[in-house]
Each structure stands twice: as C-alpha cells, then as structure tokens.
Amino acid sequence: FDELSNFYKEKIAVLRKEIEDEHLSVLNNQYTFIGNDLLLGLSDYLTSQYPEANYISVDNDCVQEIIDNLNNDTINHNCVLCLDNQCIITNEDLIQIIENSNDRQLYFVDIGHDIENVQNENFHIINASLVLNDECYSYDFIHLNEIGNNKLYSLIINTIEKSD
C-alpha cells in the first residue's frame, strides 16, 4: 500500500509542478499598460495586439499612482509605462518605480523626459526620439497624430519582442 501511495504522491507532485510552470508561463506573457494621453492615443493599436492586457489610465501627476498600481496584485508581469511630456518624471521617480515593481519587467516609453541612464535588468527604456519627429505631433506638439502613434506603436512592439 505504501508503494502505491508513494507512486501517486510522486505523480501528483509532477502534475502540480507542470500546472504551476504553465500558469507562471501564462502570467509572464501578460501585459499591463499604464499611461496618460499617450496611452489613450495608442489604445486602438495596442488593444489589437494585446486584447487581454490590462489598461490603466493615470493623471499627469502620476508617480505615486503608478507605484500604487504596481503594488496591486492585478498588475501583470510585463508593465509598459506610456507617459507623455505632461507627466513630469525624474530619475528619482523612475528609481522609486523600479524599486516598487516587484521584479516585473518594466518598459518606459521615453518621449523626451529629462532622465539619465537608469540601469536595472528588469527596466527597458523605449526611446521614442528614435522614430518621432515634427511630422508625428499634432498642432500642440504634445500629443501624437496618427503617424506618430503608428511609429511609436511599432517601436514599442519591436522593443518588447526583442526583450522576450
């Protein structure tokens, strides 16, 4: 009887491990997008690529709001921060965000924020200045037009795919 019991215990342990690994794999491939008007402009593009992702809108004074969201268990393993220049964010803010990320993969869309090189293995800067120019902005030079949204969307997708 003990042999049979041990056999089934081992089988159950293997199955449990397989289920846990599969669940972790699924969680590690899910995304949360947090942002302000920049995210709103990208939403049509992103929801077609990531229909199961979480989308969270934040105010322009958003650092504490982002940290509060990161401390929430509903934020996925991969988190993309899409903040335009109306959101003032400093190196210290980014370091604080990284410290509260709970080892999530963070992608920060930088469209001209005055930040220096912030280093962390789980932190990726998406440098939008590589693709955005004057033709990409609307008349207010803050919000992106369709050309800008399309270029930025492509850059975000390419950066995420390269880091996977």
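Rules used throughout
- Residues numbered from 1 in each chain as written.
- Predicted model: local features only at pLDDT ≥ 70, side-chain atom pairs only at ≥ 80, totals over all residues.
- Heavy atoms only, no water.
- Helix = DSSP H or I, 4+ residues; strand = E, 2+ residues; numbered from the N terminus.
- Rg over C-alpha atoms; globule rule 2.2 N^0.38 Å.
- Buried < 20%, exposed > 50% of the residue type's maximum accessible area, 1.4 Å probe, protein only.
- Contact = heavy atoms within 4.5 Å.
- Lys, Arg positive; Asp, Glu negative; His and termini not counted.
- Charge placed at Lys NZ, Arg CZ, Asp CG, Glu CD.
- Pairing = 2+ DSSP bridges.
- Axes fitted to C-alpha atoms, helices over the stretch in contact; angles between N-to-C directions.
- Right-handed = clockwise from strand over helix to strand, strands pointing away.
- Core = buried A, V, L, I, M, F, W, Y, C linked by side-chain atoms within 4.5 Å.
- Salt bridge = Lys/Arg side-chain N within 4 Å of Asp/Glu carboxyl O.

Asks: What am I meant to see in the overall build of the chain here?
Replies: A tally of helices and strands in the chain yields 5 helices and 5 strands. Along the chain, helices (α) and strands (β) appear in the sequence α-β-α-β-α-β-α-β-β-α when read from the amino end. Rg of the C-alpha trace for the chain: 20 Å, well past the compact-globule value of 15 Å for 164 residues, more than 25% over. Dimensions along the principal axes, computed over C-alpha positions, put the chain at roughly 80 × 30 × 25 Å. Within the chain, the proportion of its 164 residues that are buried is 40%. Long-range pairs, those at least 24 residues apart, make up 61% of the contacts in the chain with a sequence separation of at least 6. Taking the 7 positively charged and 30 negatively charged side chains of the chain as two groups, their mean positions are separated by 16 Å.

Asks: Where do I start with the sheet that holds strand E1 (residues 31-35) in this structure?
Replies: Adjacent strands of a sheet form backbone hydrogen bonds with each other and so pair up, either parallel or antiparallel. Taken in spatial order, the 5 strands line up as E2-E1-E3-E4-E5 in an open sheet, and their pairing is parallel. Edge positions in the sheet fall to strand E2 (54-57) and strand E5 (123-127), since each of these pairs with one other strand and no more. On average, each strand axis in the sheet is tilted by 20° relative to the strand beside it, whichever way the strands run. Bridge analysis of E1 against strand E3 (residues 78-82) gives 5 bridges, and the strand direction is parallel. Bridging across to E3, Ile 34 finds its partner in Leu 81.

Asks: Explanation requested: the pairing of strand E4 (residues 105-110) in the structure shown.
Replies: Moving residue by residue along a regular strand, the side chains alternate between the two faces of the sheet. When you tally the buried positions in E4, you get 6 out of 6 residues, the bulk of the element. Neither face of E4 is left uncovered, since the one carrying Gln 105, Tyr 107 and Val 109 and the one carrying Leu 106, Phe 108 and Asp 110 both have all their residues buried. Regarding the hand of the β-α-β motif, the stretch spanning E3, helix H4 (residues 91-99) and E4 is right-handed.

Asks: Quick question: what am I supposed to make of unusual backbone geometry here?
Replies: Peptide bonds are mostly trans, and most non-glycine residues show a negative phi. Notably, Asn 102 is not glycine yet its phi reads approximately 55°, a positive angle. Inspection of the secondary structure puts Asn 102 in the loop between H4 and E4. Relative accessible area serves as the criterion here: at 51%, Asn 102 is assigned to the exposed category. Notably, Phe 141 is not glycine yet its phi reads approximately 55°, a positive angle. Here Phe 141 shows up in the loop between E5 and helix H5 (146-163). Using a relative accessible area of 53% as the deciding quantity, one classes Phe 141 as exposed.

Asks: Explain the nonpolar core here, please?
Replies: One broad trend across soluble globular proteins is that nonpolar side chains are buried collectively. Grouped together as the largest cluster of nonpolar side chains are 25 residues, with contacts concentrated most on Phe 33, Cys 82, Val 109 and Leu 152. Of all the secondary structure elements, the ones that give two or more residues to this core are E1, helix H2 (37-49), E3, E4 and H5. Looking at this core element by element, the count peaks at 6 residues for H5. Sequence-distant contacts of Phe 33, that is, excluding residues within four places in its chain, are made with Leu 39, Leu 46, Tyr 50, Ala 53, Asn 54, Tyr 55, Ile 56, Val 80 and Cys 82. In this structure, Cys 62, Leu 70, Ile 98 and Ile 115 belong to the second largest nonpolar core, which totals 22 residues.

Asks: Hey, could you run me through the pattern of salt bridges in this one?
Replies: Pairs can form between side chains of opposite charge once their charged atoms are near each other. Throughout the structure, instances matching the rule amount to 1 salt bridge. Between Glu 135 and Lys 151 there is a salt bridge, and its shortest N-O distance comes to 3.2 Å. Here Lys 151 lies in helix H5 and Glu 135 lies in the loop between E5 and H5, a separation of 16 residues in the sequence. In this structure Glu 135 comes out as partly exposed when scored by relative accessible area, which is 45%. Using a relative accessible area of 27% as the deciding quantity, one classes Lys 151 as partly exposed.

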